[in-house]
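What follows is each chain in one-letter form.
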Amino acid sequence: MAAEGGRAKPLAQSRMENFRKVRTSEEEMPLPFPDLPPDVVEMKVKEGSKIRNLMNFAMAQMELKGRRQIVFSGCGRAVTKTITCVEIMKRKLGGLHQVTKVRYKTVLEVWESQDQPAHGPAQNLTVHKNVPSICILLSRDPLDPNQTGYQPPEPRHEAGEDTLGCSSKGLKRPLPPPCEELLPKKLQVQVSDSPRDTGTTAGQQDP
């Protein structure tokens, strides 16, 4: 049935309007680069991260503490920001070898119903999303140029150039596709009566 004044909203969307997201967590995965030093710095970029704060810390690690390698990682909506941080560092430092890996990781979201029942606990939704994730290794030392996702060093930009305006367009090669065994992916929704944890599976749908 059409909604008054416009199109009818999808059933799933209309149901989610009665819920608010209360918690998000990401699946912990090892970095996809072999032979990394145990103390390598990983910059975990989030959707709400400030690029200036990320770059101040990352540049201090590479310039002041003499790090030879650094990793930037992000997933979902943070992928573009992750690439931007990498391009800024490459332009500021120059001479950095790069390896890019793309994969999927699971993000868990807990949604709480805003329609509080008169008796009993509030109903929750637990949503498992499989989202694209990117990991980029930058290294002062040479890397294997034959491995997938390798990019050679770029020349250092002169002082005064605008490096904050760079974007994902600066990537010279297309990103390697995720492994085929990761596809197809499903979005799983669990409905629970507990405000925190378990529940029963309500259904699955393609993302």
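Cut-offs and rules
- The residue numbers shown here count from 1 along each chain, following its written sequence.
- Owing to the predicted nature of the model, reporting of local features is limited to residues with pLDDT of at least 70; listing and counting of side-chain atom pairs is limited to 80 or more, with chain, interface and lining totals taken over all residues.
- Neither water nor hydrogens contribute to the side-chain values; these are computed over all heavy atoms in the structure.
- What counts as a salt bridge is simple: a side-chain nitrogen of Lys or Arg found within 4 Å of a carboxyl oxygen of Asp or Glu.
- Secondary structure elements are defined from DSSP: runs of H or I of at least 4 residues count as helices, runs of E of at least 2 residues count as strands, and each element is numbered from the N terminus.
- When a residue's accessible area, from a 1.4 Å probe over protein chains only, is under 20% of the maximum for its type it is buried; when over 50% it is exposed; and in between it is partly exposed.
- As a per-residue measure, pLDDT tells how confident the predictor is, with possible values from 0 to 100.
- Whether two residues are in contact is decided by their heavy atoms, any of which lying within 4.5 Å being enough.
- What is meant by a nonpolar core is a set of buried Ala, Val, Leu, Ile, Met, Phe, Trp, Tyr and Cys residues, joined one to another through side-chain atoms within 4.5 Å.

S.K.: What am I meant to see in the pattern of salt bridges here?
M.R.: It is possible for side chains bearing opposite charge to pair when their charged atoms get close. Following the criterion strictly, the structure yields twelve salt bridges and no others. Taking the shortest distance from any N to any O, the salt bridge between Glu109 and Lys21 comes out at 3.6 Å. Here Glu109 is found in strand β4 (residues 97–113), whereas its partner Lys21 is found in strand β1 (residues 19–26), with 88 residues between them in sequence. On the accessibility criterion, Glu109 (7% relative accessible area) is buried. A relative accessible area of 43% places Lys21 in the partly exposed class. We note a salt bridge from Arg67 to Asp39, for which the minimum N-O separation is 3.3 Å. Of this pair, Arg67 sits in the loop between α2 (51–64) and β3 (69–75) while Asp39 sits in the loop between β1 and β2 (41–44); the two residues are 28 residues apart in sequence, bridging distant segments of the chain. It is possible to trace a salt-bridge network through shared partners that takes in Glu87, Lys90, Arg91 and Glu154.

S.K.: Would you mind showing me how to read the confidence of the model for the chain here?
M.R.: Caution applies to low-pLDDT parts of the model: their predicted coordinates are not meant to be read in detail. Summarising the model, the chain shows a mean pLDDT of 78, and 64% of its residues fall at 70 or more. Segment residues 163–171: pLDDT under 50, and 20 contacts once partners within four positions in sequence are set aside and those in other chains are kept. Confidence drops under a pLDDT of 50 for residues 194–207, and excluding neighbours within four residues, the segment shows 28 contacts in the predicted structure.

S.K.: What should I look at first to understand the nonpolar core in this one?
M.R.: The tendency in soluble globular proteins is for nonpolar side chains to be buried as a group. Among the nonpolar cores identified, the biggest contains 23 residues, and Met43, Ile70, Phe72, Met89 and Leu138 are the most heavily contacted of them. At seven residues, helix α3 (residues 79–93) tops the list of elements feeding residues into this core. Not counting the four nearest positions on each side in its chain, Met43 is found in contact with Leu54, Phe57, Ala58, Ile70, Val71, Phe72 and Ser73. Among the nonpolar cores identified, the runner-up in size contains eight residues, and Val99, Cys135, Leu143 and Tyr150 belong to it.

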